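What follows is each chain in one-letter form.
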Amino acid sequence: MIDPGSIITAASIVAGFGVTVLMFRLQRELAISDANWRRRKQESTTVTDTATWLPLADLLVLVAVLMALLVGVAPLLMSASPSANDLSEAAAASAAATVLLAGYVPSILAHYNMLVGLNKTRRNPQPLEAIFVLATVTWAAVTYVRVLGSFA
């Protein structure tokens, strides 16, 4: 039987890393938004704002954090003695959240065209980024099912 503390630790590490990533991303987008505002205030002519958005890849981090905390940690903390079903779902969610974070790395690199070379075209999502995100979500779903099945 797996130790609930190990699952909570793993899920908490995933959540902590994910929240840190999201805070850096939000800080970057807020800085761009602030620069847009200052530029509009200083210039009397119409200016084109620099676009702000969260890349599709960031959804991987957001889902990983929510999955780790709401399915991996919360059910185990709410029960004095979690059932085998609670443990298996928490372990599966923690494993899937880990996969989502692993897939974030190539996905965000693809968003900035760092895997195939930089170009001037900016889209959200970038084509390669969308492929990596879809592959990561598929991999995470398979991982969740496999871990869940290993407890049966």
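What this report covers is the structure whose coordinates are included nearby. For clarity, every value in this text was computed on a predicted model and none was experimentally measured.

**Some details on the environment of Glu 29**
Assignment of secondary structure puts Glu 29 in helix α1 (residues 4–42). A C-alpha to C-alpha distance of 21 Å links Glu 29 and Pro 127, two positions 98 residues apart in sequence.

**Brief notes about the nonpolar core**
Membership of the largest hydrophobic core comes to 30 residues, with the highest contact counts inside it found for Ile 7, Val 14, Val 61, Ala 64, Ala 68, Leu 76 and Tyr 104. Of all the elements in the fold, those that place two or more residues in this core are α1, α2 (57–77), α3 (84–111) and α4 (127–150). With 11 residues, the top contributor of residues to this core is α3.

**Concerning the side chain of Ser 107**
Residue position: Ser 107 is located in helix α3. Ser 107 sits in the buried class, given a relative accessible area of 0%. The contact partners of Ser 107, leaving out residues within four places of it in the chain, are Ala 57, Leu 60, Glu 129, Phe 132, Val 133 and Thr 136.

**Section: the packing of α2 against α3**
Two numbers describe how α2 lies on α3: the axes approach to 8 Å, and their chain directions differ by 165°. As judged from the angle between their axes, α2 and α3 are roughly antiparallel. Here the hand of the crossing between α2 and α3 comes out left-handed. Taken together, the residues that form the contact of α2 with α3 break down as 18 nonpolar, 4 polar and 3 charged.

Reading the values: the criteria
- Residues numbered from 1 in each chain as written.
- Predicted model: local features only at pLDDT ≥ 70, side-chain atom pairs only at ≥ 80, totals over all residues.
- Heavy atoms only, no water.
- Helix = DSSP H or I, 4+ residues; strand = E, 2+ residues; numbered from the N terminus.
- Core = buried A, V, L, I, M, F, W, Y, C linked by side-chain atoms within 4.5 Å.
- Buried < 20%, exposed > 50% of the residue type's maximum accessible area, 1.4 Å probe, protein only.
- Contact = heavy atoms within 4.5 Å.
- Axes fitted to C-alpha atoms, helices over the stretch in contact; angles between N-to-C directions.
- Parallel < 35°, antiparallel > 145°, perpendicular 65-115°, else oblique.
- Left-handed = near helix turned anticlockwise from the far one by under 90°.
- Nonpolar A, V, L, I, M, F, W, Y, C, P; charged D, E, K, R; others polar.

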